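Examination of the molecular architecture
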Amino acid sequence: NDDVDRITLGSTAQYRPLNWLSLNANGGLDLISGHTYRTLQPGLLPIAASWENGFRESDRKSQYTYTFNTSAVGTYTIQDDLFSTTTTGVSYNRTLLNRTECYGSSLIQGTASCGTTAALFAIDEDFSEVIQIGAYVSTELAWRDRVFVAGAIRGDDNSSFGTDFGFITYPSASLSWVVGEEDWFPQMDFLSSFRIRSAWGTSGLRPDFRDAVTLFAPTTVATAAGDEPGITVNSTGNLELKPERSTEYEIGIDAALFDNRVGLDFTYFNKKSKDALIQR
């Protein structure tokens, strides 16, 4: 059985203090609460002792995702045929997960609880929290409403990065030209519009929770005085752990044919990634 409840909340605010400036903000919460469980009553599946006597397993988890974004958009007329749009903003994201699991066999007939099992009882509790803060700025120039040039840069800091690794930046740029509207472009009855475009940019994949941290596992140590609690190294962290970084460029065309009844899109892209996140 898998029971899931989900609640999504959101709010948006907009304000235009000047005719060329717009301020925007939005925030929200995405809450997923789930309970996955299995119950096998005794005597129904005589395969092994742990199954013949019945078992109960339960997994309860709640995941909260908080988001908040703000941006300011400025639009300027540089010349009669040249316009500029600049956007800057800040984003905040926090994902919180709480999870409790239990298992037990030798279930009391007619019950459905880990507390009514008598053998192989195990319980575990998980917790994770990932916070990301980012800022960005982008500018687009539009000339004659035919040529569009844009550039942007974004910077992120994430709680999953290594403590010796700081801010990372992701630049990008793009160019688009509606060449079909130029006077020298051949006019064809079947061709309604024709655009060429290209873009280049970088992006990143963050590490998972606690990937950068050295973790220990509990264990029992046999000594001359008897068993003692101890620890062993469970995973070796990396204080310089950084995100996996991808760089991509693309070129393409967009065409509309027969009075915009038929569309044709073509894109060639090349993407390379480095600093792949691999557990050793």
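What comes next is a walk through the structure.

About the criteria used
Residues numbered from 1 in each chain as written. Predicted model: local features only at pLDDT ≥ 70, side-chain atom pairs only at ≥ 80, totals over all residues. Heavy atoms only, no water. Disulfide = S-S within 2.5 Å. Helix = DSSP H or I, 4+ residues; strand = E, 2+ residues; numbered from the N terminus. Buried < 20%, exposed > 50% of the residue type's maximum accessible area, 1.4 Å probe, protein only. Pairing = 2+ DSSP bridges. Axes fitted to C-alpha atoms, helices over the stretch in contact; angles between N-to-C directions. Salt bridge = Lys/Arg side-chain N within 4 Å of Asp/Glu carboxyl O.

1. Digging into the state of the cysteines
Per the counting criterion, the structure on display carries 1 disulfide. A sulfur-sulfur separation of 2.0 Å characterises the disulfide bridge that pairs C102 with C114. Because the sign of the S-S torsion sets the handedness, a value of about 80° for the bond joining C102 and C114 places this disulfide among the right-handed ones. With a gap of 12 residues between them, C102 in strand β4 (residues 82-107) and C114 in the loop between β4 and β5 (117-143) connect regions that are remote in the sequence. Under the relative-accessibility criterion, C102 is labelled buried at 17%.

2. Digging into the sheet that holds strand β6 (residues 147-158)
Reading across the sheet, the 10 strands line up as β1-β2-β3-β4-β5-β6-β7-β8-β11-β12 and stay open at both edges, with antiparallel pairing between neighbours. Strands with a single pairing partner mark the edges of an open sheet, and in this sheet they are β1 (2-18) and β12 (262-274). When strand polarity is set aside, the average angle formed by the axes of neighbouring strands in this sheet is 10°. Of the pairings in the sheet, the one linking strand β11 (residues 244-257) to β12 comprises 13 bridges and is antiparallel in character. Looking across to β12, one finds that R245 is bridged to K274.

3. Remarks on the pairing of β11
As paired strands, strand β8 (residues 191-205) and β11 are joined by 14 bridges and run antiparallel to one another. Following the sheet pairing, A199 is matched in β11 by E250. In this antiparallel pair of consecutive strands, β11 and β12, the connection spans 4 residues, and F258 shows a positive phi of 55°.

4. Side note on the pattern of salt bridges
Evaluated as defined, the whole model comprises 10 salt bridges. Salt-bridge contacts for E57 lead to R38; the nearest nitrogen and oxygen are separated by 2.5 Å. One end of the pair, E57, is in strand β3 (residues 55-79); the other, R38, is in strand β2 (residues 21-40), with 19 residues separating them in the sequence. The class of E57 is partly exposed, set by a relative accessible area of 24%. Judged by its relative accessible area of 43%, R38 falls in the partly exposed class. Three or more residues joined by partner-sharing salt bridges are found here, namely D59, R99 and E101.

5. Quick word on unusual backbone geometry
The phi torsion of most residues other than glycine is negative, and most of the peptide bonds are trans. At L120, a position not held by glycine, the phi torsion is positive, near 50°. Turning to its location among the elements, L120 is positioned in strand β5. The residue F258 is not glycine, and still its phi comes out positive at about 55°.

Keep in mind these values describe shape, not function.
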